Amino acid sequence: MSKEQDLGQKIFEEVGGMGNVSKIAHCMTRVRLGIKDTDKVNIEGLKKAPGVLGVVEDDTLQIIVGPGFVNKVAGAMCEMAGVKLGETLPDNLDENLTQSSAKSGKDLVEERAAAIKAEMKKKQNSSSGFKRLLKSVSNIFVPLIPGFVGAGLIAGIAAILFNNIQAGNLDVGTWMQYVTLLNVIKNGIFYFLVIYVGINTAQEFGGTPVLGGAVGGITLLIGVTPELPIKNIFNGSDMVAGQGGIIGVLLAVYLLCVLEKFLRKWIPNSLDIILTPMLALLIIGLFTIFIIMPFAGVISTSLVGSINWIIAKGGLFAGFVLGTLFLPMVMLGLHQVLTPIHVEMIAQQGYTILLPMLAMAGAGQVGAAIAIWMRCRKNKPLINMIKGGLPVGILGIGEPLIYGVTIPLGKPFITACIGGGIGGAAIGYFGNVGAIAIGPSGVALIPLIANGSWLEYVIGLLVAYIGGFILTYLWGVPKDAMEAVEE
């Protein structure tokens, strides 16, 4: 049995068996399970399972296993259950799974990170309307992140080749065709992104996914030509494809779901399959073209313009605030509201200038962890935690360091956040350092930096490392953490 199958089986055992799971999904680092009866879940057993980096209790049970590996574990679990990702599991699945005999040593950073994070999540009020909205935004965009990353890296390669062609380093006739091919592949995600967002939005709000995709596709205005334009009813200007962006699609598809549910209540069952899709698509389609697209166009353009203006004018200060406050936002779940803003900025200008600044927050934690390592060498368990969390922290996955090291110690989390703010200030000073896709951070974000500004981003990372290190080394290490502790 493979490693991912072993872990998948262990997860099923600790959550009360396959019969207690309603759905299996995953994001970049977490297996997400719908749980029927939470009383049957053994959280402590999950935390101790080899390969589990943490457990988060929310409206879904989230088991953190790390990037790349998460796809394999979720796939193995789906194969065991005989379902596809996102499908509802049958109620009659066998819950009696064979106990795994494979055992491995307990990783301290993973266990402690999981315990702290789960405890903090329990204290959050997940029943509020705002929390539900943030969770819906997450559910819409998280499944798209692998596409953002893959297409973004391809776009980065194409940009590097194109820059070398323009500089005369590569032959136009030979290499331009490869640039074109790479851009075609990249556009498979980004050009039709409104359709993917429409499908996920409809699925999230209880509508028909294909109708949600159709409404997203309407915003592309396929078939409209300069000779036969559609006029903006508010100012008489010609409508343009994509006007209103992602924000318009989210609003339009949400209204589609509301209308579709209303129609199904009143239309006879014999006519539902014919009339409901037609009427919903026709009504919302017209409303999208003539009302939502112009309205959302003003909002999205103003929003992106305002962010660019604030960062351009704020410079150092804006970068410092964003870098300092991002991790507290993550802990409160507020970072999810930034995802559609990132996507809209990428759609309008080809990159988001927010992400590189926010990525400095994790770099500050790395610097703080190194400082703690140097000051607390006699504390063997703490050093082992840092050894386990530091490599993935450098790659942009900061949960082990944040929840396993800096938050439990208290002061280092504050000094690390300020260190991240210093890195953010450096990015703000350079200005116009953007990322062409969202998903990674830390060193892993370097290939996605736009406009050849990767050196400025690397300098920002180094500044955040150094800032977090110095502040923590001088003022952030508690005395009791420096005392000798044996394993």
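Cut-off values and rules
Residues numbered from 1 in each chain as written. Predicted model: local features only at pLDDT ≥ 70, side-chain atom pairs only at ≥ 80, totals over all residues. Heavy atoms only, no water. Helix = DSSP H or I, 4+ residues; strand = E, 2+ residues; numbered from the N terminus. Rg over C-alpha atoms; globule rule 2.2 N^0.38 Å. Areas by Shrake-Rupley, 256 points an atom, 1.4 Å probe, with all protein chains shown as cover. Lys, Arg positive; Asp, Glu negative; His and termini not counted. Charge placed at Lys NZ, Arg CZ, Asp CG, Glu CD. Pairing = 2+ DSSP bridges. Axes fitted to C-alpha atoms, helices over the stretch in contact; angles between N-to-C directions. Contact = heavy atoms within 4.5 Å. Left-handed = near helix turned anticlockwise from the far one by under 90°. Nonpolar A, V, L, I, M, F, W, Y, C, P; charged D, E, K, R; others polar. Domains from an automatic or database assignment. Buried area = accessible area lost by both parts, 1.4 Å probe. Salt bridge = Lys/Arg side-chain N within 4 Å of Asp/Glu carboxyl O. Patch = residues over 30% accessible without salt bridge, like charges linked within 9 Å, V, L, I, M, F, W, Y side chains within 5 Å. Buried < 20%, exposed > 50% of the residue type's maximum accessible area, 1.4 Å probe, protein only. Expected span 1.5 Å × (residues − 1).

Focus on the overall build of the chain
Right, on to step 1. Along the chain, the regular secondary structure elements total 18 helices and four strands.
Right, on to step 2. Relative to a compact globule of 487 residues, whose C-alpha radius of gyration would be 23 Å, the chain shows 24 Å and is just as compact.
Right, on to step 3. Its C-alpha atoms give the chain principal-axis dimensions of about 80 × 60 × 50 Å.
Right, on to step 4. As presented, the chain carries roughly 22700 Å² of accessible surface, and 64% of it is formed by carbon and sulfur atoms.
Right, on to step 5. Counting 34 positive and 32 negative side-chain charges, the chain places the averaged centre of each group 6 Å from the other.

Thoughts on the sheet that holds strand S1 (residues 21–26)
Right, on to step 1. An order of S1-S2-S4-S3 is seen for the four strands of this open sheet, with the pairing classed as antiparallel. One side of each edge strand has no neighbouring strand; the edge strands of this open sheet are S1 and strand S3 (54–57). Strand after strand, the sheet turns through a mean of 20° between neighbouring axes, direction not considered.
Right, on to step 2. Relative to strand S4 (residues 61–64), S3 runs antiparallel, the two sharing four bridges. Residue pairing in the sheet places Gly54 in a bridge with Ile64 of S4.
Right, on to step 3. Here helix H3 (residues 69–81) sits on the sheet in contact with S1 and strand S2 (30–35), set at roughly 150° to S1.

A word on the packing of helix H8 (residues 193–204) against helix H9 (residues 209–218)
Right, on to step 1. Taken N-terminus to C-terminus, the directions of H8 and H9 make an angle of 145°; their axes are 7 Å apart at the nearest point. In the packing of H8 onto H9, the handedness of the crossing is right-handed. Touching Val194, Ile195, Gly198, Ile199, Ala202 and Gln203 of H8 are Pro209, Gly212, Gly213, Gly216 and Gly217, all from H9.
Right, on to step 2. In terms of residue class, the contact of H8 with H9 is made up of five nonpolar, six polar and no charged.

Some words on the pairing of S1
Right, on to step 1. As judged from the five bridges shared by S1 and S2, these two strands associate in the antiparallel manner. When the bridges of S2 are listed, Ala25 appears paired with Arg32.
Right, on to step 2. The hairpin turn running from S1 into S2, its antiparallel successor, is three residues long.

Some details on the domain arrangement of the chain
How big an interface is tends to be stated in terms of the accessible area lost upon association of its parts.
Right, on to step 1. Domain boundaries assigned for the chain yield domain 1 (3–87), domain 2 (146–304) and domain 3 (323–482).
Right, on to step 2. With centres defined by C-alpha atoms, the gap from domain 2 to domain 3 works out at 33 Å.
Right, on to step 3. Contact residues are listed per partner, giving 17 residues for domain 2 and 14 residues for domain 3.
Right, on to step 4. In total, about 1200 Å² of surface goes out of reach between domain 2 and domain 3, with carbon and sulfur atoms giving 79% of it.
Right, on to step 5. Run the count over domain 2 and domain 3 and you get zero salt bridges.
Right, on to step 6. For the side of domain 2 that touches domain 3, the secondary-structure elements that each account for two or more residues are helix H6 (145–166), helix H10 (245–266) and helix H11 (269–314).
Right, on to step 7. Looking at the side of domain 2 that touches domain 3 element by element, the count peaks at six residues for H6.
Right, on to step 8. Of the residues assigned to the side of domain 2 that touches domain 3, the class counts are eleven nonpolar, six polar and no charged.

Digging into a nonpolar patch on the surface
Right, on to step 1. Taken together, Ile370, Met374, Leu462, Ile466, Ile470, Tyr473, Leu474 and Trp475 make up a surface patch of nonpolar side chains, about 760 Å² in accessible area.
Right, on to step 2. At the level of secondary structure, the elements contributing two or more residues to the nonpolar patch comprise helix H14 (354–375) and helix H18 (454–476).
Right, on to step 3. With six residues, H18 is the single largest residue contributor to the nonpolar patch.
Right, on to step 4. Mapped onto the elements of the fold, Met374 is located in helix H14.

Observations regarding the side chain of Asn379
Right, on to step 1. Its location among the elements puts Asn379 in the loop between H14 and helix H15 (380–394).
Right, on to step 2. Take Asn379: its relative accessible area is 10%, and that puts it in the buried class.
Right, on to step 3. Once residues lying within four places of it in the same chain are set aside, the contact partners of Asn379 are Ala481, Glu483 and Val485.

Here's the deal with H6
Right, on to step 1. Between the first and last C-alpha of H6 there are 31 Å, a value that for 22 residues agrees with the 32 Å anticipated at 1.5 Å per step.
Right, on to step 2. Inspection of H6 places Ile145, Gly147, Phe148, Val149, Ala151, Gly152, Ala155, Gly156, Ala158, Leu161 and Ile165 among the buried residues, and these make up the whole buried set.
Right, on to step 3. The inward-facing, buried residues of H6 contact helix H5 (129–141), helix H7 (172–190), H8 and helix H13 (339–349).
Right, on to step 4. Positive phi appears at Gly168, one or two residues downstream of H6, with a value of about 85°.

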